[in-house]
Amino acid sequence: MTTIRSVAIVGAGQMGGGIAQAVAGGGYDVLLHDAIPERIPQAQGVIAASLARQVARGAMSQAEADAALARIRPAKSLAEAAKADLVIEAAVEDEAVKKAILADLLPHLGPRTLLASNTSSISITRLASATDRPERFIGLHFMKPAPVMKLVEIIRGIATSAETYDTAVTFAESLGKTTTNAEDFPAFIVNRILVPMINEAIYTLYEGVGNVASIDKALKLGANHPMGPLELADFMGLDVVLAIMNVLYEGLADSKYRPCPLLVKYVEAGWLGRKSGRGFYDYSGDTPAPTR
């Protein structure tokens, strides 16, 4: 199997930064790149704060936190990021954006470099076909927040080799994660089940069956979910929820996956949830307040 010592993360948003923290915590050298350079120090600040909270809870020592943070270095260019043994694309959930990043990476990759995508719904086979190494391409879907959530969903494209799959499983497990194998169908396992449930909760709100507070309370207490579906949608980002529903609707051609018009309206308004300060909850005050 390919030996992984260094990992590059392309995309320094919430997911990219979280993956960088998880990988650095596993003892790997991490190169963090983003098309917008200012996002890298922002991500490093978020990671430092997250590590500080873990130290405060006694989950790790200060020395361990300092060492993990020191292992994360900025990569000023994709050419620099491409020097890693494994490159994980963690950009927005947009197939055209992901393929453009992969195309820009290709001229700089070594012959043995592994490529992975953190996509939560897009076909690994299609993404791999845009590269020169479909046999060395795989889906590594970390759950959010990546440093905390134990699962990594591993998705093989039609051309992914057995060696690449075994290397990916070994790598994810070395981070203290549990892996599950998903076939390359729209949204894979977790989001194929989870996001339509969230979409149905939004329909429930849209049709006036319940308000935001009552829907979230019902699922937390009635189904023992740690977060209500609308609260979870805000946490994921409503643009991400919509993107996944569109992948399901277009990929499976089944009307049951039609995105709720209210979800579309919120995204059009820029109400994307926690990251924009407003979604199904308003986050401008001391405690989140339902918007409907």
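Quick notes on the rules
- Residues numbered from 1 in each chain as written.
- Predicted model: local features only at pLDDT ≥ 70, side-chain atom pairs only at ≥ 80, totals over all residues.
- Heavy atoms only, no water.
- Helix = DSSP H or I, 4+ residues; strand = E, 2+ residues; numbered from the N terminus.
- Rg over C-alpha atoms; globule rule 2.2 N^0.38 Å.
- Buried < 20%, exposed > 50% of the residue type's maximum accessible area, 1.4 Å probe, protein only.
- Contact = heavy atoms within 4.5 Å.
- Areas by Shrake-Rupley, 256 points an atom, 1.4 Å probe, with all protein chains shown as cover.
- Lys, Arg positive; Asp, Glu negative; His and termini not counted.
- Charge placed at Lys NZ, Arg CZ, Asp CG, Glu CD.
- UniProt positions renumbered as here; feature names shortened; annotations may be inferred.
- Salt bridge = Lys/Arg side-chain N within 4 Å of Asp/Glu carboxyl O.
- Pairing = 2+ DSSP bridges.
- Right-handed = clockwise from strand over helix to strand, strands pointing away.
- Axes fitted to C-alpha atoms, helices over the stretch in contact; angles between N-to-C directions.
- Parallel < 35°, antiparallel > 145°, perpendicular 65-115°, else oblique.
- Left-handed = near helix turned anticlockwise from the far one by under 90°.
- Nonpolar A, V, L, I, M, F, W, Y, C, P; charged D, E, K, R; others polar.
- Domains from an automatic or database assignment.
- Buried area = accessible area lost by both parts, 1.4 Å probe.

Asks: Hey, could you go over the overall build of the protein chain for me, with residue numbers and the actual values?
Replies: The helix and strand tally for the protein chain stands at 12 helices and 10 strands. Relative to the 2.2 N^0.38 estimate, which gives 19 Å for 292 residues, the radius of gyration of the protein chain is 19 Å and therefore close to what a compact globule would have. Taken over the C-alpha atoms alone, the protein chain extends approximately 55 × 45 × 30 Å along its principal axes. For the protein chain, the residues scored as buried account for 48% of the 292 residues in total. Considering only contacts within the protein chain whose residues lie at least 6 apart along the sequence, 64% involve residues at least 24 apart. Carbon and sulfur atoms provide 55% of the accessible area of the protein chain, an area that totals close to 13,300 Å². Averaging the coordinates of the 28 positive side-chain charges in the protein chain and doing the same for the 31 negative ones gives two points 2 Å apart.

Asks: Talk me through the UniProt feature "domain: 3-hydroxyacyl-CoA dehydrogenase C-terminal" (unreviewed entry) in the protein chain; I want residue IDs and the actual numbers.
Replies: Taking the UniProt record as the reference, the feature "domain: 3-hydroxyacyl-CoA dehydrogenase C-terminal" (unreviewed entry) is found at residues 188-283. In residues 188-283, helix accounts for 61% and strand for 2%; the two terminal C-alpha atoms are 31 Å from one another.

Asks: Please give an account of the pattern of salt bridges that cites residues and values.
Replies: With the rule as written, the count across this model stands at 11 salt bridges. Lys-98 serves as the salt-bridge partner of Glu-89, at 2.6 Å between the closest nitrogen and oxygen. Here Lys-98 falls in the buried class, since its relative accessible area comes to 1%. Residue Glu-93 is joined to Lys-98 by a salt bridge in which the shortest nitrogen-to-oxygen separation is 3.8 Å. For the pair formed by Glu-93 and Lys-98, the shared burial category is buried.

Asks: I'd like a rundown of the pairing of strand E1 (residues 6-10), residues and numbers included.
Replies: Taking burial as the measure, the 5 residues of E1 include 5 buried ones, the bulk of the element. The alternating pattern of E1 places Ser-6, Ala-8 and Val-10 on one face and Val-7 and Ile-9 on the opposite face, and all of these are buried. For E1 and strand E2 (residues 29-33), the ladder comprises 5 bridges, and the chain directions are parallel. Looking at the pairing, Ile-9 lines up with Leu-32 of E2. Note on the crossover from E1 through helix H1 (residues 14-25) to E2: the handedness is right-handed.

Asks: Lay out the packing of helix H2 (residues 39-56) against helix H3 (residues 62-70) with the relevant residues and their values.
Replies: Direction vectors running N to C along H2 and H3 enclose 165°, while the axes themselves pass 9 Å from each other. On the basis of their axis angle, the class for H2 and H3 is roughly antiparallel. In the crossing of H2 with H3, the sense of the turn from one axis to the other is right-handed. Residues Gln-44, Ile-47, Ala-48, Leu-51 and Val-55 of H2 form the contact with H3, whose own contacting residues are Gln-62, Ala-65, Ala-68 and Leu-69. Of the residues in the contact of H2 with H3, the class split is 7 nonpolar, 2 polar and no charged.

Asks: Explain the sheet that holds strand E4 (residues 86-89) to me, and be specific about the residues and the numbers.
Replies: The 8 strands are arranged E3-E2-E1-E4-E5-E6-E7-E8 in an open sheet whose pairing can be described as mixed. Two strands bound the open sheet, and with one partner strand each, they are strand E3 (72-74) and strand E8 (178-182). Strand-to-strand, the axes of this sheet are offset by a mean angle of 25°, without reference to chain direction.

Asks: Run through the domain arrangement of the protein chain, naming residues and quoting values.
Replies: When its domains are assigned, the protein chain resolves into domain 1 (6-183) and domain 2 (192-290). Relative placement of domain 1 and domain 2: their C-alpha centres are 26 Å apart. Each partner contributes to the interface: domain 1 provides 7 residues, whereas domain 2 provides 6 residues. Here domain 1 packs against domain 2, burying approximately 530 Å² in sum over the two surfaces, 68% of which is carbon and sulfur. Considering only the side of domain 1, the residues that lose the most area to domain 2 are Glu-93, Ser-121 and Lys-144, jointly responsible for 65% of the buried surface there.

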